[in-house]
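Observations on chain architecture
Here is how the chains run, residue by residue.
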Amino acid sequence: QVQLVESGGGLVQAGGSLRLSCGASGRTFSRYTMGWFRQAPGKEREFVAAIRWGGGSTTYADSVKGRFTISRDNALNMVYLQMNNLKPEDTAVYFCAASDTYYGPSAFYAYWGQGTQVTVSS
């Protein structure tokens, strides 16, 4: 069982930056693929980024490539999403997710956090 808690959301102007953090419980955190997803009002949840257990492989949605960076610190049981050059269309609730069997953009992640709101003003 893995419990995830996101933090770091907030209100930022377009062009600004935020860093989201996700803390995970459990001694086997390092074995899990970690992902970030987001959901805007009235829209379906969409993939943002994912990172393999070792941190050596990452994948991003086309809409955030070159602006967002996912990273992890297995010693601290943390995963991060650095978001630069934010745009109003990045406004959404951002969710952290974990899986011990899947790596990729689909929502086949077994564990989810409660989400943190990111609002980008124009």
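Computed from a predicted model, the values in this text were never measured in an experiment. (Residues numbered from 1 in each chain as written. Predicted model: local features only at pLDDT ≥ 70, side-chain atom pairs only at ≥ 80, totals over all residues. Heavy atoms only, no water.)

Side note on the environment of threonine 33
Tracing the backbone through its elements, the reader meets threonine 33 in strand S4 (residues 33–39). In this structure, threonine 33 is in contact with Ile51, Arg52, Trp53, Arg72, Ala97, Ala98, Ser99, Tyr102, Tyr103 and Tyr109, ignoring residues within four places of it in sequence. Polar side-chain contacts of threonine 33 include one of 3.4 Å to the backbone oxygen of tyrosine 102. (Helix = DSSP H or I, 4+ residues; strand = E, 2+ residues; numbered from the N terminus. Contact = heavy atoms within 4.5 Å. Polar contact = N/O pair within 3.5 Å; in protein donor to acceptor, adjacent residues only side chain to side chain.)

Description of the environment of tyrosine 32
Among the secondary structure elements, tyrosine 32 is positioned in the loop between strand S3 (18–24) and S4. Relative accessible area serves as the criterion here: at 7%, tyrosine 32 is assigned to the buried category. Sequence separation between tyrosine 32 and leucine 11 is 21 residues; the distance between their C-alpha atoms is 30 Å. Sequence-distant contacts of tyrosine 32, defined by excluding residues within four places in its chain, comprise Val2, Arg52, Trp53, Arg72, Ala98, Ser99, Asp100 and Tyr111. (Buried < 20%, exposed > 50% of the residue type's maximum accessible area, 1.4 Å probe, protein only.)

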